[in-house]
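Coordinates in review
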Amino acid sequence: MRKIRKGDEVVVVAGKDKGRRGSVLSVPSEERVVVQGANMVKKHQKPNPAQGQPGGIVEKEMPLHVSNVMLYNPQTGRGDRVGFRWLEDGRKVRYFKSNGEVADA
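Here's a quick rundown of the structure.

**Describing the overall build of the protein**
Each helix and strand counted, the protein has zero helices and 10 strands in total. Moving toward the C terminus, one meets the helices and strands of the protein in the order β-β-β-β-β-β-β-β-β-β. Scaling as 2.2 N^0.38, a compact globule of 105 residues should have a C-alpha radius of gyration of about 13 Å, whereas the protein reaches 17 Å, well beyond that. Based on the C-alpha atoms only, the size of the protein along its principal axes is roughly 55 × 30 × 20 Å. Counting across all 105 residues of the protein, residues that qualify as buried make up 26%. Put simply, of all contacts in the protein between residues at least 6 apart along the chain, 38% involve residues at least 24 apart.

Below, the structure is given as structure tokens:
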């Protein structure tokens, strides 16, 4: 079970996009996440007529290291550390360390 998953709302805590909030678009590897609108780069795209793809300069998101993002806590309004806990019904869930609220619905 991972602390940051696809679809989570996260806050970037380090780097050029520090303070930016966005949702996780994908988790390409164990320690990298792609956040919507963060770590944008200009990629020089070569045209591919077979796929109908035009060439030019395209802006896209690049992966960030998972240590540079924190899960957004709606109760506190900022990024928060995450832990794991077993519930009475046997489910393993994520919870916010600051207030103990369960992050998984």
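**Focus: unusual backbone geometry**
Although it is not a glycine, Asn 39 adopts a positive phi angle of roughly 60°. For Asn 39, a relative accessible area of 17% translates into the label buried.

**Brief notes about the side chain of Asp 8**
When you line up the elements, Asp 8 lands in the segment before strand 1 (9–12). Within the local environment of Asp 8, its side chain forms a polar contact with the side chain of Arg 94, the two groups lying 2.7 Å apart. Other than its neighbours up to four places away in sequence, Asp 8 contacts Lys 3, Gly 22, Ser 23, Val 24, Leu 71 and Arg 94.

**Digging into the sheet that holds strand 1**
Spatial ordering of the open sheet is given by 6-3-2-1-7-8, a layout of six strands whose pairing is antiparallel. Edge positions in the sheet fall to strand 6 (64–65) and strand 8 (78–80), since each of these pairs with one other strand and no more. Looking at chain direction, strand 1 and strand 7 (residues 69–73) are connected through three bridges and run antiparallel. Paired with Val 12 across the bridge in strand 7 is Val 69.

**Points about the pattern of salt bridges**
Taken as a whole, this structure holds eight salt bridges when the rule is applied. A salt bridge links Glu 59 to Lys 42; the shortest N-O distance between them is 3.6 Å. On the criterion of sequence distance, the pair formed by Glu 59 in strand 5 (residues 56–61) and Lys 42 in strand 4 (residues 40–45) is long-range, its members being 17 residues apart. With a relative accessible area of 58%, Lys 42 lands in the exposed category. Ionic contacts of the salt-bridge type, sharing partners, join the residues Arg 5, Asp 8, Arg 94 and Asp 104 into one network.

Thresholds, definitions, all that
- Residues numbered from 1 in each chain as written.
- Predicted model: local features only at pLDDT ≥ 70, side-chain atom pairs only at ≥ 80, totals over all residues.
- Heavy atoms only, no water.
- Helix = DSSP H or I, 4+ residues; strand = E, 2+ residues; numbered from the N terminus.
- Rg over C-alpha atoms; globule rule 2.2 N^0.38 Å.
- Buried < 20%, exposed > 50% of the residue type's maximum accessible area, 1.4 Å probe, protein only.
- Contact = heavy atoms within 4.5 Å.
- Polar contact = N/O pair within 3.5 Å; in protein donor to acceptor, adjacent residues only side chain to side chain.
- Pairing = 2+ DSSP bridges.
- Salt bridge = Lys/Arg side-chain N within 4 Å of Asp/Glu carboxyl O.

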